[in-house]
Amino acid sequence: QVQLVESGGGWVQPGGSLRLSCAASGGVFSITTMGWYRQAPGKQRELVASITGDSITMYADSAKGRFTISRDNAKKTVYLQMNSLNPEDTGIYYCKAMAPSYAWGQGTQVTVSS
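Residues numbered from 1 in each chain as written. Predicted model: local features only at pLDDT ≥ 70, side-chain atom pairs only at ≥ 80, totals over all residues. Heavy atoms only, no water.

Asker: Pulling in residues and values, what's your account of the overall build of the protein?
Answerer: Summing up its helical and strand segments, the protein has 0 helices and 11 strands in all. Taken over C-alpha atoms, the radius of gyration comes to 13 Å for the protein, in line with the 13 Å a tight globule of 114 residues would show. The principal-axis extent of the C-alpha atoms belonging to the protein is close to 40 × 25 × 25 Å. Within the span of the protein, comprising 114 residues, buried residues form 42% of the whole. Relative to all contacts within the protein whose residues are 6 or more apart in sequence, the contacts with residues 24 or more apart total 55%. Accessible surface, the protein: about 5,800 Å² in total, of which carbon and sulfur atoms supply 50%. (Helix = DSSP H or I, 4+ residues; strand = E, 2+ residues; numbered from the N terminus. Rg over C-alpha atoms; globule rule 2.2 N^0.38 Å. Buried < 20%, exposed > 50% of the residue type's maximum accessible area, 1.4 Å probe, protein only. Contact = heavy atoms within 4.5 Å. Areas by Shrake-Rupley, 256 points an atom, 1.4 Å probe, with all protein chains shown as cover.)

In structure tokens form, the structure reads like this:
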């Protein structure tokens, strides 16, 4: 069983940066596809980035060029570096183990406002 704990959320001004972390326990982290989802107020939860292996990544159009997903297998942690944040990035960010294990974290709030 995989358990995930997010951290690093908070408040930033537009144009600022945050780095989210997701610490995993259980499972075989190094072979687990990991993703970051965002649920904005009043909207559906959507996938913003994922990583398979060490370097196979994908990004939603809204995140491409601004966000970077990465992982540290020794620390069993996946990161989401978010730069050039804008208010539309506001929401609860959830870490997810996508495959072959399956689990959701509890989420961490990101608020972008002046």
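Asker: Account for the packing of aromatic side chains, naming residues and giving values.
Answerer: Summed over all chains, the structure comprises 2 aromatic pairs. Taking 6.2 Å as the distance between ring centres and 90° as the angle between the ring planes, the aromatic pair formed by Tyr 94 and Trp 104 counts as edge-to-face. Taken together, the positions of Tyr 94 in strand 9 (residues 91–99) and Trp 104 in strand 10 (residues 103–104) put the pair 10 residues apart, joining distant regions of the chain. Assessed through its relative accessible area of 29%, Trp 104 is described here as partly exposed. An aromatic cluster is built from Tyr 37, Tyr 94 and Trp 104, whose rings are joined through pairwise contacts. (Phe/Tyr/Trp six-rings, centres within 6.5 Å; stacked < 30°, edge-to-face > 60°.)

Asker: So what about the nonpolar core? Which residues, and what values?
Answerer: Within the largest apolar cluster, 27 residues are counted, with the highest numbers of intra-cluster contacts made by Leu 4, Met 34, Trp 36, Val 78, Leu 80 and Met 82. For this core, the secondary structure elements donating two or more residues are strand 3 (18–25), strand 4 (33–39), strand 5 (46–52), strand 7 (67–72), strand 8 (77–82), strand 9 and strand 11 (108–112). Looking at this core element by element, the count peaks at 4 residues for strand 3. Each residue touching Leu 80, except ones within four places of it in the same chain, is listed here: Leu 18, Arg 19, Leu 20, Trp 36, Val 48, Ala 49, Phe 67, Thr 68, Ile 69 and Tyr 93. (Core = buried A, V, L, I, M, F, W, Y, C linked by side-chain atoms within 4.5 Å.)

Asker: Account for the sheet that holds strand 1 (residues 3–7), with residues named and values stated.
Answerer: Strands sit in the order 1-3-8-7 across an open sheet of 4 strands; the sheet is antiparallel. Where the open sheet ends on each side, the last strands, each with one partner, are strand 1 and strand 7. With direction set aside, neighbouring strand axes in the sheet form an average angle of 15°. As paired elements, strand 3 and strand 8 share 6 bridges and run antiparallel to each other. Bridged to Ala 23 within strand 8 is Thr 77. (Pairing = 2+ DSSP bridges. Axes fitted to C-alpha atoms, helices over the stretch in contact; angles between N-to-C directions.)

Asker: Explain the side chain of Thr 108 to me, using residue names and the numbers behind them.
Answerer: Structurally, Thr 108 is set in strand 11. Within the local environment of Thr 108, its side chain forms a polar contact with the backbone nitrogen of Gly 9, the two atoms lying 3.2 Å apart. (Polar contact = N/O pair within 3.5 Å; in protein donor to acceptor, adjacent residues only side chain to side chain.)

Asker: Give me the lowdown on the environment of Leu 18, citing residues and values where you can.
Answerer: In this fold, Leu 18 is placed in strand 3. For the pair Leu 18 and Leu 80, spaced 62 residues apart in sequence, the C-alpha separation works out to 8.1 Å. Those residues in contact with Leu 18 that sit more than four places away from it in its chain are Gly 8, Gly 10, Val 12, Leu 80, Gln 81, Met 82, Leu 85 and Val 110.

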